[in-house]
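Coordinate inspection notes
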Amino acid sequence: MLPPLDRAADGAIRLITLDNPPVNALSFAYCAKLLEELEQAHADGGVEAVVFAGANGLFSAGADVNDFNQELPEHATTIRDVIAAVEASVKVHVAAIDGNALGGALELALVCDYRVATAAAKFGLPEIRLGLLPGAGGTQRLPRLIGARAALEFMLKGSAISAQRALALGLIDEIVDADLVARAKDRARGAKRRVSERQAIIAADLPPQAGPFVVAQAHKAVPPEENGGLAAHTLIDAVQAAVELPFAFGIARESRLFGELVRSGPSQALRHLFFAERELAKIDGIDGAARDDTEIESAGVVGAGTMGSGIAIAFAQAGIPVVVVDGSDEAVDKARQTVMGMFMYQVQKGRLTREEAWKRGRSIRFTGDWAELGAADVVVEAVFENLEVKREVFRKLDAIAKPGAILASNTSTLDIDALAAETKRPERVLGLHFFVPANVMPLLEIVRGRETSPRTIAAAFKIGKLLGKKAVLSGNAFGFIGNRMIFDYVREANALAEEGVAPVRIDAAMKAFGFPMGPFAMTDLSGLDIALAVQKARGAEALGRTGVLERLVQMGRLGQKSMAGYFKYDKAVGKGREPIVDPQVEELYAQAARTAGIAPRAAGDDEIRTRLLDALAERGRKLLDEGVALRPGDIDVVYVYGYGFPPHRGGPMWYAEHGRVSSSAASEGEGRLPAHA
Ligand code: 3HC
């Protein structure tokens, strides 16, 4: 059915409402419908102007990402066709934007003569996050509208901006307080098409400062192509076309480059992660009703150490008041400083006003009195990693917490069932495994105990969402998903070192792959004593065959915190965080290998990467078989958001299956997918 015609005294305006729940995605099928409606409006002599608006509380999330994974059907209609029809029409077009206008939807708005928006509207060209570039004219129209420098900054970041910022940039014409669509119609009524103005923009050269210099600077500021920067460099190439070429040629270049990116390995990997993230909370047996069941209006934390204060900050940032219980005045003083320091840092960075920082800081209350946890909807225990200590905490908590309150442990290895057994509410007990620093790291492992109820799991996902975390469900098994896998990865790194490959080379190979640091620097950061404790807890499965780890710990080399571990550290070099090669460690490995009868052998970077990544994937497959992890995509999300696995390689499970194939296909231009938008 056609949308209603609004015949006003001064002209007829056709309102076209983008309505394709849940996010009004502009799929091929939906674009065909849209184009038909638009062409009818254009053909109807009674229609003088078209207003585009969105249903479902948003304008539109842009192109349908699912479409990029299939062969382009012959004669498919895409958002480019809709935009071309607007461009070719002599009628006035106005975009009335509420909620999100993202990707292709913002590109549709850009071709309109006017853009009006509510104050709550958000604008973004997030294609870069999917390894793509705006492929429906965005790279050509935006630089012409707001300048190449601002356009590049906006598109390379990919994050959404507010209506106020969009107005300041010149992206929209007006912010509307009252009835948005009525105001859009007012704009359209009797307005002259800005054809001449727009054609002038299209024909004009960009300002000189927008030329090669901006483009060259942009290339320097993004990562190398082979390491996550492919889409960024390609996007900059498209903007260069806007700078150098007439509009129509620029559009053709953009279209070709977009097609190349759709087929590229990095984009396929990032699109996999996009959908994997959206699958995370879809768990059999947990429905939407259970999800809304538990109110999370206040929280408690036991332990004011690094982890406890980070968790408290995470709740406070989400606007949830939190009580932190700790008997040690010293720990509380330190935690108070950490909390205020963190909020003040946010003020310095311009992310929070001073008032807001104070408010959030004050929403964390420190106390030595456990009774104050009685009102909390969820209590997270973050005390020393020791089963007996934690058991005692759960006994106490069960007696104090109100009925129905969730009791969570932040343990990284211990048995949730053993903790649940200390309570009379095992169905409300689970693991909430945060990563250091808990207020910054986006990952949260939700650990399901034997008796944890579906309602409790649903509530945990709700907590994850409130805290802005990627929450992944894990079974209750040693190390859960992430740490269980990292254990195998580190063991393989040790095996290579025992075979005579220097730790610095192993780390360099993994950094070149895209990890922020290699396995040895990572262990230095988390602490060799911690690694040794994990190894002891694991019993038979040691981290190495030769006892080098034990020896280093005996030598007091605990990692960065003691300025020596697998590497040395020097306060004068990279603030004491930069690993410095220590020949003593290499010698230790060589001696230990001789004693253990391990023959030295050479390994190239490829072999290093293959062995370490295979170790991850192999353990991942076992965790899937055992039901500890639900889906390969869940594991990939854990690794990308918790362990620095390069997102453009899709995570360990994706990489094992598609990574090598699709990256080489892309570089040889033999991708499977079609060039389309
Ligand atoms: N294509 C297909 N499906 C999409 C989608 C899109 N662009 N955006 C969201 N969805 C789906 C999600 O998969 C999810 O489906 P499900 O319910 O079956 O799991 C549903 O919509 C709701 O999404 P979220 O769970 O993410 O809902 P939120 O309210 O948290 O977030 C959002 C909404 C901000 C719109 C977020 O989904 C988002 O950022 N989407 C991606 C936007 C994007 O990247 N757009 C650019 C597309 S590429 C493009 O336009 C190319 C063009 O230049 C040619």
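Everything numeric in this text was worked out from a predicted model, so none of it was measured.

Some points on helix α14 (residues 306–317)
Taking 1.5 Å of rise per residue, the 12 residues of α14 would be expected to cover 16 Å, and the 16 Å separating its terminal C-alpha atoms lies within 8% of that figure. Summarising burial for α14: 10 of the 12 residues are buried, a large majority. Count one or two residues on from α14 and you reach Gly319, which has phi positive near 80°.

With respect to the layout of surface pockets
Empty space among the atoms becomes apparent when a probe as large as a water molecule is rolled across them. Of the volumes computed, that of the largest pocket is approximately 1800 Å³. Lining the largest pocket we find 49 residues, and of these Ser412, Val436, Asn483, Ser526 and Ile530 sit closest to its centre. When residues of the lining of the largest pocket are traced back to their parent elements, those giving at least two are α14, α17 (387–400), β15 (429–434), α20 (482–498), α22 (519–526), α23 (528–538) and α27 (632–642). Its residues assigned to classes, the lining of the largest pocket shows 29 nonpolar, 16 polar and four charged.

Comments concerning the domain arrangement of the protein
Interfaces are often described in size by the accessible area the parts lose on coming together. What the domain assignment lists for the protein is domain 1 (6–121 + 172–196), domain 2 (297–478) and domain 3 (483–600). Here the C-alpha centroids of domain 1 and domain 3 sit 57 Å apart.

Description of the site of the ligand
Looking at the ligand, there are 23 residues lining it, with Ala61, Glu107, Glu127, Arg278 and Lys282 nearest. A distance of 2.7 Å separates an oxygen atom of the ligand from a polar side-chain atom of Glu107. Burial of the ligand by the protein chains amounts to 72% of its free accessible area of 970 Å². Counting only elements with at least two residues in the shell around the ligand, the list comes to β5 (100–102), α3 (104–111) and α12 (265–279). Residue contributions to the shell around the ligand peak at three residues, all from α12.

Some thoughts on the sheet that holds strand β10 (residues 299–302)
Here we have eight strands laid out as an open sheet, ordered β12-β11-β10-β13-β14-β15-β16-β17, and mixed in their pairing. Because the sheet does not close on itself, it has two edges, and the strands there are β12 (364–367) and β17 (470–475). Each strand axis lies, on average, 25° off the axis of its neighbour in the sheet, ignoring direction. The sheet contact formed by strand β14 (residues 406–409) and β15 spans three bridges and is parallel. What sits directly across from Leu407, in β15, is Val429.

Some details on the side chain of Glu277
Looking at the element boundaries, Glu277 is found in helix α12. Relative accessible area serves as the criterion here: at 17%, Glu277 is assigned to the buried category.

Examining the nonpolar core
With 67 residues, the main nonpolar core has Phe52, Phe59, Ile97, Phe123, Leu142 and Leu171 as its most contacted residues. Core analysis: the second largest hydrophobic core is formed by 55 residues, Leu280, Leu588, Tyr639 and Val640 among them.

Overview of the pairing of β15
Looking along a regular strand, one sees side chains alternate from face to face of the sheet. Across the six residues of β15, six count as buried, placing the element largely inside the fold. Alternating residues of β15 divide into Val429, Gly431 and His433 and Leu430, Leu432 and Phe434, and every residue in both groups is buried. Sheet topology places β15 next to strand β16 (residues 443–448); four bridges connect them, and they run antiparallel. When the sheet's bridge partners are listed, Gly431 is paired in β16 with Val447.

Structural notes on the environment of Gly228
Counting through the fold element by element, Gly228 comes out in the loop between α9 (212–221) and α10 (230–244). Separated by 78 residues in the primary sequence, Gly228 and Ala150 have C-alpha atoms spaced 22 Å apart.

Digging into the pattern of salt bridges
The full count for this structure, using the stated rule, is 34 salt bridges. Here Glu279 makes a salt bridge to Lys282, at a shortest N to O gap of 3.4 Å. Each of Glu388, Arg391, Glu392, Arg395 and Glu422 takes part in one network of salt bridges that share partners.

Description of the packing of aromatic side chains
Here the distance between the centres and the angle between the planes together describe a pair of aromatic rings. Within the structure shown, the criterion is met by 11 aromatic pairs. Centre to centre, the rings of Phe435 and Tyr643 are 5.6 Å apart; their planes meet at 80°, and the pair counts as edge-to-face. Here Tyr643 lies in the loop between α27 and α28 (652–667) and Phe435 lies in the loop between β15 and β16, a separation of 208 residues in the sequence. Geometrically, the ring pair formed by Phe515 and Phe645 is edge-to-face, given 5.3 Å between the ring centres and 80° between the ring planes. In this pair, Phe515 is assigned in the loop between α21 (503–513) and α22 and Phe645 in the loop between α27 and α28, connecting sequence segments 130 residues apart. Grouped by ring-pair contacts, the aromatic residues Tyr489, Phe513, Phe515, Phe645 and Tyr655 constitute a single cluster. Above the face of the Trp370 ring, Lys396 is positioned so that its terminal group lies 4.1 Å from the ring centre. Positioned over the ring face of Tyr641 is Lys470, at 5.0 Å from the centre of the ring.

Overview of the sheet that holds β5
Ordered by their spatial adjacency, three strands build an open sheet running β5-β7-β8, and the pairing between neighbours is mixed. Strands with a single pairing partner mark the edges of an open sheet, and in this sheet they are β5 and β8 (161–162). Sitting on the sheet, α3 is in contact with β5 and β7 (122–124), with an inclination near 90° to β5.

A few points about the environment of Gly147
Along the chain, Gly147 falls in the loop between α4 (138–146) and α5 (148–157). It is 9.3 Å that separates the C-alpha atoms of Gly147 and Leu169, two residues lying 22 residues apart in sequence.

Things to note about the environment of Asp64
Along the chain, the position of Asp64 falls in the loop between β3 (49–54) and α2 (79–88). Counting along the chain gives 40 residues from Asp64 to Gly104, while the straight-line C-alpha distance between them is 9.2 Å. Apart from the residues within four sequence positions on either side, Asp64 is in contact with Ala25, Leu26 and Ser27. Polar side-chain contacts of Asp64 include one of 2.9 Å to the backbone nitrogen of Asn66.

Rules used in this analysis
- Residues numbered from 1 in each chain as written.
- Predicted model: local features only at pLDDT ≥ 70, side-chain atom pairs only at ≥ 80, totals over all residues.
- Heavy atoms only, no water.
- Helix = DSSP H or I, 4+ residues; strand = E, 2+ residues; numbered from the N terminus.
- Expected span 1.5 Å × (residues − 1).
- Buried < 20%, exposed > 50% of the residue type's maximum accessible area, 1.4 Å probe, protein only.
- 1 Å grid on protein atoms, 1.4 Å probe; cavity = no way out; pocket = protein on both sides within 12 Å on 5 of 7 lines; lining within 4 Å.
- Points joined across faces, edges and corners; volume = space filled by probe spheres on them.
- Nonpolar A, V, L, I, M, F, W, Y, C, P; charged D, E, K, R; others polar.
- Domains from an automatic or database assignment.
- Near = heavy atom within 4 Å.
- Polar contact = N/O pair within 3.5 Å; in protein donor to acceptor, adjacent residues only side chain to side chain.
- Areas by Shrake-Rupley, 256 points an atom, 1.4 Å probe, with all protein chains shown as cover.
- Pairing = 2+ DSSP bridges.
- Axes fitted to C-alpha atoms, helices over the stretch in contact; angles between N-to-C directions.
- Core = buried A, V, L, I, M, F, W, Y, C linked by side-chain atoms within 4.5 Å.
- Salt bridge = Lys/Arg side-chain N within 4 Å of Asp/Glu carboxyl O.
- Phe/Tyr/Trp six-rings, centres within 6.5 Å; stacked < 30°, edge-to-face > 60°.
- Lys NZ or Arg CZ within 6 Å of the ring centre and 35° of its normal.
- Contact = heavy atoms within 4.5 Å.

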